[in-house]
Amino acid sequence: MADTGNNDAFVAFERVQKSYDGETLVVKDLNLTMPKGEFLTMLGPSGSGKTTCLMMLAGFETATHGEIKLDGVSINNIPPHKRGIGMVFQNYALFPHMTIAENLSFPLEVRKIGRSDREAKVRRALEMVEMGGFGGRRPAQLSGGQQQRVALARALVFEPELVLMDEPLGALDKQLREKMQFEITHLAHELGITTVYVTHDQTEALTMSDRVAVFNDGKIQQIAPPDELYESPQNSFVAQFIGENNTMEGTVKEIKDGLAVVQLDDGGLIDAKPVNVEKAGDRTLISIRPERVEFNCDRLRPGAHTLKAEVAEFIYMGDIFRTRLKVAGRDDFIIKTRNAPDQRRLQPGEQIEIGWLPEDCRALDAP
Amino acid sequence: MSDTTQTGPVLAADGTPLKRSLRRALRAQKMRALALIAPLLIFVLVAFIAPIADMLFRSVENQIVGNTLPMTVEELRDWDGTEVPDEQVFRALFFDLFLAAEAKEHTKLGSRLNYEQSGISSLFRTSGRDVGDIGEVFQDALTEIDPAFDEARFWYDMMSGGAEAEGNERLLSNQIGRLEVLEATNFSGDVDFVPGAAISDILPNTARAYAVFAAFTHFVDEDVVAEEEPWEAVYAALAIDLEDPATRAALAGYDGPGADVLRRAADAPLPPVDMKAAFIDSNKDWQRVGFWKVIKTYSPPYTTGYFLNAVDMEKTAEGIALRSADQRIYGILFQRTMFMSLMITFSCILLGYPVAWIMANLPARKANLLMILVLLPFWTSLLVRTSAWKVMLQQQGVINDTLVWLGLVANESRLVMINNQFGTIVAMTHILLPFMILPMYSVMQTIPPSYLRAAKSLGATNWTAFWRVYFPQSVPGIGAGSILVFILAIGYYITPEIVGGTTGTFISNRIAYHISTSLNWGLAAALGSILLAVVLILYWAYDKIVGIDNVKLGG
């Protein structure tokens, strides 16, 4: 699933395994390479091994097997403080007994950088995160967002080439989080630093990253740019984990011309793009994004299969309408439509027909 | 909406000021809260605040001299302190001491003054025994003149001045009041005797002496006054009264009961009253000016004497001065107590810090096991633990035996590790260690491991990360543990008593000695008050330097 063997790789995991108790593997055979300057997000549910990977890269956990390389050199036996990797922690981990300036100065002091140099760098780093006037304050006197900026500045002040971030925005409210997402990506690209970002928030992963690695069960399920991940999930886990998704189970009836006809469990027929089904008779999970469902049958390709549906609920959400339908024996089928002047508002109880372009509907492996 | 425009106090919906209606609404809640803490509050007041207040009072209280020798103290007021006081003082002393001896209070006074000047105790004891003999001379002489002086009824009638005579209630109540102070009780009821006004004008000393005898007989001995022969002191008082030429003149016109007998006695030759000689005869120490100075110095009801004593000073005729070098013990003891408490605190920090750190960083199950080991000493008796150290550290003990067996120490030169400062420090460090570990542990538990990781990711070595990031955050725990251990140590008693010998004891052992052995409670209270003040000052200093807000016992 993951890309392998690349000599230009700045960060590389090679057949890395990790077990805490000697019985179960938390990380199973991880292979991953990152070019310099990339913003990679590790995304996955809790317990999927993403944070463990990050900790192994930072040096706080040792790999049970395999090799981790930084700039072509194995760092398995290098202690964390010699790796020169910047890190932003979940709760910022700003030292409460030091002022902001002292916090930023700390990595420079342990590197024995002269006082005047130190002060200049601290000032520059604080200005970079727009916290110029806060050097004399203590972390407890700052708001969550401000602490976040300081934590970022502290991770960057000693100019590391690689920065790791462990769910750094988890404690912020939605609005601030969105603002910080933008700022972090902006900063990372501007400074050209390689960034590994861990999160369980898929929106965050999609908006920020160059590439997203989706973790589950100690394995990378798919690693791809955000659009590819969203539009072409490689398996049912990725499809369900990324974005909202309607799924229906069925059996492949035939595959021809790159198009699979799937018979749903209640008998209805539907078109889908075969992704990891191979032959007629395979069980499959078909996946369709709510915004790609069409109920105006005029827009469908002639001859496309459609399903009968009954409107169960109409929810007005401002920019979009969210409509819940009863389809093929399930009542959790969601469609989203844009709130446009000509958009029809479906009424509960209304009988409609729905369909979609076959390339929007993906026939994946049955779980 | 109108609230925003009005200027006066904010009103509730019914028009009462909002503050008052809020108070009313919260009153029930406050009362309930108060009722919940009331048992503890009462307990603390009774068992803690009151004893401390009593101790503070006792350290300056000195009413015993004034209560026991009120007339003597009065007479001594004008004494210049250069030579032995005159006859008047000794006469006052005779009556005071006679009553005190009857009430068996004179030995207490002797012990009290003996703290200030050794020898006074025996002085009061011997003379308290002899006052009866001194007075008996006059009893014999008066009985010789008229046998009526031997009759209880005669005395009663004579001193009450007959059935219809006007009484001198004031004299009686004064004497009852004096007796109440001496016996430290309250008497109520009728003595069944009132001194006659006329006779008490003629015979003031006799009337006073008889009145106090009557009060004592009625209230303390619970006998009938009219049936008891008066004390020797009453005869002595009569002899003193009859010495005065004015008395004879006054008696001439008196016709109350016993007037004839009195006139005859006044005309007869009586032995001269010389109390000074009698007392010096009883005990030669009465002619030592120094002893009288002590009595005078300690006659006010409140004294700084105990405190001066507690800081190795004393009151002398020239004012307050340091005691001679061989008598200074408390300064050394206070210094030693402070020094050893600091040593114990430091060794607790050194031994406890790593344990607390390991406990805070182990997984919960192992940490709980360690916690049980830390708390284990609490389940063992303090005495057992202390005695165990005695077994361990003595010269024929486990450690010495092991060292000799290993050949590290020669058999003849076994180490002395007990009954000295070393033994006390070892045993008390062991006993107080949990009090250091627990606050440190609870503070360390709240320090997230991510701080250390952050420091390391920023390039700090393990040591730098610990020293610059972890340690400063654990200081509140060290502070809390240190205050706890230091304050416990400074007042510790039982362990230094058992393993301290002579060089390893604390000020508290001295306090205990004065409470239970020398019975000098005033000095014990003064030493205790100083100890309390030292602790409060240290606490204040700690607050100024470190800040008491930085002390955390958890969370």
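No experiment lies behind these values; they were computed from the predicted model shown.

## Here's the deal with the overall build of chain A
Right, on to step 1. Within chain A one finds 8 helices and 19 strands.
Right, on to step 2. Overall, the C-alpha framework of chain A stretches about 75 × 45 × 35 Å when taken along its three principal axes.
Right, on to step 3. In chain A, buried positions account for 40% of the 367 residues.
Right, on to step 4. At a minimum sequence separation of 6, the contacts of chain A that also span at least 24 residues come to 65%.

## Concerning the overall build of chain B
Right, on to step 1. A tally of helices and strands in chain B yields 26 helices and 2 strands.
Right, on to step 2. For a compact globule of 555 residues, the expected C-alpha radius of gyration is about 24 Å, and chain B comes in at 36 Å, more than 25% above that figure.
Right, on to step 3. In terms of its C-alpha atoms, chain B occupies a principal-axis envelope of roughly 115 × 95 × 40 Å.
Right, on to step 4. A total of 555 residues make up chain B; the buried ones form 37% of that total.

## Details of the UniProt feature "domain: ABC transporter" (unreviewed entry) in chain A
Right, on to step 1. The positions UniProt marks with the feature "domain: ABC transporter" (unreviewed entry) are residues 11-242 of chain A.
Right, on to step 2. Taken as a whole, residues 11-242 of chain A contains 36% helix and 24% strand, while its terminal C-alpha atoms sit 25 Å from one another.

## Points about helix α8 (residues 169-183) of chain B
Residues and elements named next belong to chain B.
Right, on to step 1. The end-to-end C-alpha distance of α8 is 21 Å, a good match for the 21 Å that 15 residues give at a rise of 1.5 Å each.
Right, on to step 2. When we look at burial in α8, the residues that qualify are Leu171, Leu172, Gln175, Ile176, Leu179 and Leu182. One face of α8 carries all of its buried residues, which in axial projection span an arc of 130°. Those residues of α8 that are exposed and aimed more than 90 degrees away from the buried face are Glu169, Arg170 and Gly177.
Right, on to step 3. Those residues of α8 that are buried are in contact with α2 (63-68), α4 (87-102), α9 (197-202) and α10 (204-220).
Right, on to step 4. One or two residues past the end of α8 sits Ala184, with phi positive at roughly 55°.

## With respect to the UniProt feature "domain: ABC transmembrane type-1" (unreviewed entry) in chain B
Right, on to step 1. According to UniProt, the positions carrying the feature "domain: ABC transmembrane type-1" (unreviewed entry) are residues 334-542 of chain B.
Right, on to step 2. Taken as a whole, residues 334-542 of chain B contains 78% helix and 0% strand, while its terminal C-alpha atoms sit 19 Å from one another.

## A closer look at the pairing of strand β6 (residues 85-88) of chain A
Residue and element names in this part refer to chain A.
Right, on to step 1. Neither face of β6 is open: one carries Ile85 and Met87, the other Gly86 and Val88, and all of them are buried.
Right, on to step 2. Direction of pairing for β6 relative to strand β7 (residues 162-166): parallel, over a ladder of 4 bridges. Each residue of the ladder has a partner; that of Gly86, found in β7, is Val163.

## So, the nonpolar core
Right, on to step 1. Ala153, Leu164, Ala213, Val214 and Ile286 of chain A are the most contacted members of the largest nonpolar core, which totals 104 residues.
Right, on to step 2. In this structure, Leu164 of chain A is in contact with Leu54, Leu57, Ala58, Ile85, Met87 and Val196 of chain A, ignoring residues within four places of it in sequence.
Right, on to step 3. Counting 73 residues, the second largest nonpolar core, distinct from the first, contains Val131, Leu179, Leu238 and Trp286 of chain B.

## Concerning the domain arrangement of chain A
Residues and elements named next belong to chain A.
Right, on to step 1. When cut into domains, chain A gives domain 1 (11-236) and domain 2 (245-365).
Right, on to step 2. In this structure, domain 1 and domain 2 have C-alpha centres spaced 39 Å apart.
Right, on to step 3. Each side of the interface is counted separately: domain 1 has 4 residues, and domain 2 has 7 residues.
Right, on to step 4. Across the side of domain 1 that touches domain 2, the residue classes tally to 1 nonpolar, 3 polar and no charged.

## Here's the deal with the sheet that holds strand β13 (residues 269-274) of chain A
Residue and element names in this part refer to chain A.
Right, on to step 1. Overall, mixed pairing links the 5 strands, which are arranged β11-β12-β13-β19-β14 in a closed barrel. With strand direction ignored, the average angle separating the axes of adjacent strands in the sheet is 55°.
Right, on to step 2. In terms of strand pairing, strand β12 (residues 259-264) meets β13 through 4 bridges, oriented antiparallel. Across the sheet, Val261 pairs through a bridge with Asp271, a residue of β13.

## Re the domain arrangement of chain B
Quoted interface sizes are often the accessible area lost when the parts come together.
Right, on to step 1. The assigned domain composition of chain B is domain 1 (17-58), domain 2 (70-294) and domain 3 (330-550).
Right, on to step 2. Here the C-alpha centroids of domain 1 of chain B and domain 3 of chain B sit 35 Å apart.

## Quick notes on the environment of Leu532 of chain B
Right, on to step 1. Along the chain, Leu532 of chain B falls in helix α26 (residues 521-545).
Right, on to step 2. In this structure the C-alpha to C-alpha distance between Leu532 of chain B and Ile52 of chain B, which are 480 residues apart in sequence, comes to 9.4 Å.

## What to know about the packing of helix α17 (residues 330-361) of chain B against helix α18 (residues 364-375) of chain B
Residues and elements named next belong to chain B.
Right, on to step 1. Running from amino to carboxyl end, α17 crosses α18 at an angle of 150°, the nearest separation of the two axes being 8 Å. Taken together, the axes of α17 and α18 are roughly antiparallel relative to one another. The crossing of α17 and α18 is left-handed. Residues Val355, Ile358 and Met359 of α17 lie in contact with α18, whose contacting residues are Ala367, Leu370, Met371 and Val374.
Right, on to step 2. Partitioned by chemical class, the residues of the contact of α17 with α18 number 7 nonpolar, no polar and no charged.

## Observations concerning the packing of helix α12 (residues 245-252) of chain B against helix α13 (residues 259-267) of chain B
Axes are the key here: two packed helices are described by the angle between their axes and the distance separating the axes.
Residue and element names in this part refer to chain B.
Right, on to step 1. In contact at an axis separation of 10 Å, α12 and α13 are set at 145° when each is read in the N-to-C sense. The crossing of α12 and α13 is left-handed. Contact residues: Thr247, Arg248 and Leu251 in α12; Ala259, Leu262, Arg263 and Ala266 in α13.
Right, on to step 2. Grouping the amino acids of the contact of α12 with α13 by side-chain chemistry returns 4 nonpolar, 1 polar and 2 charged.

## Here's the deal with helix α15 (residues 289-297) of chain B
Right, on to step 1. Restricting attention to buried positions, one finds in α15 of chain B the residues Trp292, Val294, Ile295 and Thr297 of chain B.
Right, on to step 2. Buried residues along α15 of chain B sit in contact with α2, α3 (70-76), α5 (106-114), α6 (120-145) and β1 (313-316) of chain B.

## Description of the UniProt feature "transmembrane region" (unreviewed entry) in chain B
Residue and element names in this part refer to chain B.
Right, on to step 1. As annotated in UniProt, the feature "transmembrane region" (unreviewed entry) corresponds to residues 33-53, 338-360, 367-384, 422-443, 475-494 and 521-542 in the numbering used here.
Right, on to step 2. From the first C-alpha to the last, residues 422-443 spans 30 Å; its make-up is 100% helix and 0% strand.
Right, on to step 3. The distance separating the terminal C-alpha atoms of residues 521-542 is 31 Å; by composition the span is 100% helix and 0% strand.

## Brief notes about the interface of chain A and chain B
Right, on to step 1. Listed by partner, the interface residues are 18 residues for chain A and 15 residues for chain B.
Right, on to step 2. Secondary-structure elements contributing two or more residues to the side of chain A that touches chain B are β6 and α2 (100-110) of chain A.

## Regarding the sheet that holds strand β3 (residues 39-43) of chain A
Residue and element names in this part refer to chain A.
Right, on to step 1. Reading across from one edge, β6-β7-β8-β3-β9-β10 is the order of the 6 strands in this open sheet, with mixed pairing throughout. With one partner strand each, in any of the chains shown, β6 and β10 (219-224) form the two edges of the open sheet. Mean inter-strand twist for the sheet, computed between neighbouring axes without regard to direction, equals 20°.
Right, on to step 2. With 4 bridges connecting them, β3 and strand β9 (residues 211-216) associate as parallel partners.

## Overview of the confidence of the model for chain A
Right, on to step 1. In the predicted model, chain A carries a mean pLDDT of 87, and the fraction of residues at 70 or more is 98%.
Right, on to step 2. Segment residues 1-6 of chain A is flagged for pLDDT under 50; beyond a separation of four residues in sequence, or across chains, it makes 11 contacts in the model.

## Here we look at the confidence of the model for chain B
Residue and element names in this part refer to chain B.
Right, on to step 1. Averaged over every residue, the pLDDT of chain B is 88; residues scoring 70 or more account for 97%.
Right, on to step 2. In the model of chain B, β1 stands out as the element of lowest mean pLDDT, 80, in contrast to α17, which has the highest, 94.
Right, on to step 3. With pTM at 0.75, the complex prediction returns an ipTM value of 0.81.

## Side note on the environment of Ser529 of chain B
Residue and element names in this part refer to chain B.
Right, on to step 1. With respect to the secondary-structure elements, Ser529 resides in helix α26.
Right, on to step 2. Each C-alpha atom of the pair Ser529 and Val294 lies 24 Å from the other, and the pair is 235 residues apart in sequence.
Right, on to step 3. If we skip the residues at most four places from it in the chain, Ser529 touches Met55, Leu56 and Ser59.

Reading the values: the criteria
Residues numbered from 1 in each chain as written. Chains lettered and ligands numbered in written order. Predicted model: local features only at pLDDT ≥ 70, side-chain atom pairs only at ≥ 80, totals over all residues. Helix = DSSP H or I, 4+ residues; strand = E, 2+ residues; numbered from the N terminus. Buried ≥ 20, exposed ≤ 12 C-beta atoms within 10 Å, placed from the backbone. Contact = placed C-beta atoms within 7 Å. Rg over C-alpha atoms; globule rule 2.2 N^0.38 Å. UniProt positions renumbered as here; feature names shortened; annotations may be inferred. Expected span 1.5 Å × (residues − 1). Arc of directions from axis to C-beta. Pairing = 2+ DSSP bridges. Core = buried A, V, L, I, M, F, W, Y, C linked by C-beta atoms within 7 Å. Domains from an automatic or database assignment. Nonpolar A, V, L, I, M, F, W, Y, C, P; charged D, E, K, R; others polar. Axes fitted to C-alpha atoms, helices over the stretch in contact; angles between N-to-C directions. Parallel < 35°, antiparallel > 145°, perpendicular 65-115°, else oblique. Left-handed = near helix turned anticlockwise from the far one by under 90°. pLDDT = per-residue confidence, 0-100.

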